[in-house]
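# Examining the three-dimensional arrangement
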Amino acid sequence: MDQEYTEQLKKIEAELERWLPENPDSAWIEQVFAGIAKTGDSDSLRSLLAPLRELVFRGGKRWRPLLMTLICKNLGGGDAAIPLSPIIEFSHNASLIHDDIEDDSDERRGKPAVHKLYGIDTAINSASFFYFLAANCIETCSFKNKELLYRYWTECMRKLHLGQAMDINWHRNVSIIPQIEDYYQMCAMKTGSLACLATELGAITAGVSAETTQLLGNAANKMGVGFQILDDVKNLTTGIPGKKRGDDVVEGKKGLPVLLYMHKYPEKRDIIFYYFHAAKNEGNAAPEVDDLIDTLNNAGVFPEAEEKGRALINEAKDLFSSHLNDNDGVLLDNFIKLIS
């Protein structure tokens, strides 16, 4: 791994640990709860934080906060964005816990999903707290214009949840076949919005113009959508590490390969609906999961979807390169290899 990335990741990890300690001391409690949590109920505090530590420190590529800090450093801001790392990573992990509950997923990052370990009630409460802990990072950081940080963060959270609402609506109602452009919009909000926020915060802390901040944010959004498409393909082909191959079929999710097939062959929608229903009822063991994957593979939609994902990532690289000190593209190429 590039030495610069290694150093940045160490700093990010230290910041996450600082905000999510295993044994919170009185200073941490005062900072987070502003004197209102002096009940001495340490068991409740541990039950609040344990699911969060469990998920965050299982791993994850940390590519969003890494992108934020690299953007800031590249634009002359040094390590000014490092203290904002929890805003990105905590918001991301909160959405994962809620997402796993909504999908009733069994695994996340190779281990049982948080709600399977701690119960749905504790998982929901802890994940919601994660969002507020992210906000607390804004309140206590040294950046002067906190109102600007709040505006960008809350806008991102609204988009993320609308994107999730679209995704839930589409997989809950099997008969809904969204247009491909609507799918891109959903991905831009559900997945691209946090990548966009990470880049925007990196640019803001570096002190660049609002115009440049927006342009870089748009580039990151494209990259986020591109990676979501590649994840759609991996889920149904090689499988995503830490999740079961074909989980998207069981959850009824209509990723780009499925949509490409259904728009090309509308007369075969009923058989796709049947595969989804059978998979939902029987889980990953249902033979229909492999039947659907074989159908998509034979139709050649996987390479088509992958090509679209890589095209969006390349578009993002071009936009980034035009505004970063990375004319040869080495920084971005290494970054993309790291997170692919």
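All of the points below concern the structure found in this document. (Residues numbered from 1 in each chain as written. Predicted model: local features only at pLDDT ≥ 70, side-chain atom pairs only at ≥ 80, totals over all residues. Heavy atoms only, no water.)

### Some remarks on the overall build of the protein
Just so we agree on the cut-off: Under the DSSP-based scheme used, a helix requires at least four consecutive residues in state H or I and a strand at least two consecutive residues in state E, with every element numbered from the N terminus. We take the radius of gyration over the C-alpha atoms and set the globule estimate at 2.2 Å times the residue count to the 0.38 power. When accessible area is computed with a 1.4 Å probe and restricted to protein chains, residues below 20% of their type maximum are described as buried, those above 50% as exposed, and intermediate ones as partly exposed. Residues are treated as being in contact if the distance between any of their heavy atoms lies within 4.5 Å.
Counting secondary structure elements, the protein contains 17 helices and two strands. Whereas a compact globule of 340 residues would reach a radius of gyration of roughly 20 Å, the protein reaches 21 Å, a difference of no more than 12%. Expressed along its principal axes, the backbone C-alpha trace of the protein runs to roughly 60 × 50 × 35 Å. Per-residue burial for the protein yields a buried fraction of 54% across its 340 residues. Here the analysis covers contacts within the protein between residues at least 6 apart in sequence; of these, 72% occur between residues at least 24 apart.

### Digging into the packing of aromatic side chains
Here is the rule: Two rings belonging to Phe, Tyr or Trp (six-membered ring only in the last case) form a pair when the distance between their centres is within 6.5 Å. Interplanar angles under 30 degrees mark stacking, angles over 60 mark edge-to-face geometry, and anything in between is tilted. Definition used: whenever NZ (Lys) or CZ (Arg) falls within 6 Å of the ring centre and also within 35 degrees of the ring normal, the charge is taken to sit over that ring.
For the coordinates displayed, the defined rule picks out seven aromatic pairs. Measuring from ring centre to ring centre gives 6.0 Å for Phe-33 and Phe-129, while their planes differ by 10°; the resulting arrangement is stacked. With Phe-33 in helix 2 (residues 26-33) and Phe-129 in helix 7 (residues 120-140), this residue pair connects regions lying 96 residues apart in the sequence. Looking at Phe-33, the relative accessible area reads 18%, which means it is buried. Seen from their ring centres, Trp-63 and Phe-227 are 5.9 Å apart, and the 50° between their planes marks the pair as tilted. Of this pair, Trp-63 sits in helix 4 (residues 63-74) while Phe-227 sits in helix 11 (residues 210-236), and the two are 164 residues apart along the sequence. As far as burial versus exposure is concerned, Trp-63 and Phe-227 are alike and both buried. Counting every residue linked through ring pairs, the aromatic cluster contains Trp-28, Phe-33 and Phe-129. The ring of Tyr-265 has Lys-268 sitting right over it, with the charged end atom 5.2 Å from the ring centre.

### Section: helix 4
Cut-off, in case you're wondering: Helix span, expected: 1.5 Å multiplied by one less than the number of residues in the helix.
When the terminal C-alpha atoms of helix 4 are compared, their 16 Å separation across twelve residues agrees well with the 16 Å that a helix rising 1.5 Å per residue should span. Counting buried residues in helix 4 gives eleven out of twelve residues, a clear majority hidden from the surface. Considered for burial, the residues of helix 4 that qualify are Trp-63, Arg-64, Pro-65, Leu-66, Leu-67, Met-68, Thr-69, Leu-70, Ile-71, Cys-72 and Asn-74. Positive phi appears at Gly-76, one or two residues downstream of helix 4, with a value of about 95°.

### Observations regarding the nonpolar core
One recurring pattern in soluble globular proteins is that nonpolar side chains are buried together. This is how it is decided: Residue types Ala, Val, Leu, Ile, Met, Phe, Trp, Tyr and Cys, when buried and joined through side-chain atoms within 4.5 Å, form a set referred to as a nonpolar core.
Among the nonpolar cores identified, the biggest contains 70 residues, and Leu-133, Leu-201 and Phe-320 are the most heavily contacted of them. Residue contributions to this core peak at ten residues, all from helix 7. Setting aside residues up to four positions removed in sequence, Leu-133 forms contacts with Trp-19, Leu-20, Trp-28, Val-32 and Phe-90. One finds Met-189, Met-262, Tyr-275 and Phe-302 within the second-largest nonpolar core, a separate group that totals 37 residues.

### Description of unusual backbone geometry
Not every positive phi belongs to a glycine, and Arg-62 is a case in point at roughly 60°. By the secondary structure assignment, Arg-62 is in the loop between helix 3 (42-56) and helix 4. Arg-62 gets classed as buried once you look at its relative accessible area, which sits at 4%. With a phi close to 55°, Arg-109 is a non-glycine residue in the positive phi region. Locating Arg-109 in the fold gives a position in the loop between strand 1 (107-108) and strand 2 (111-112).

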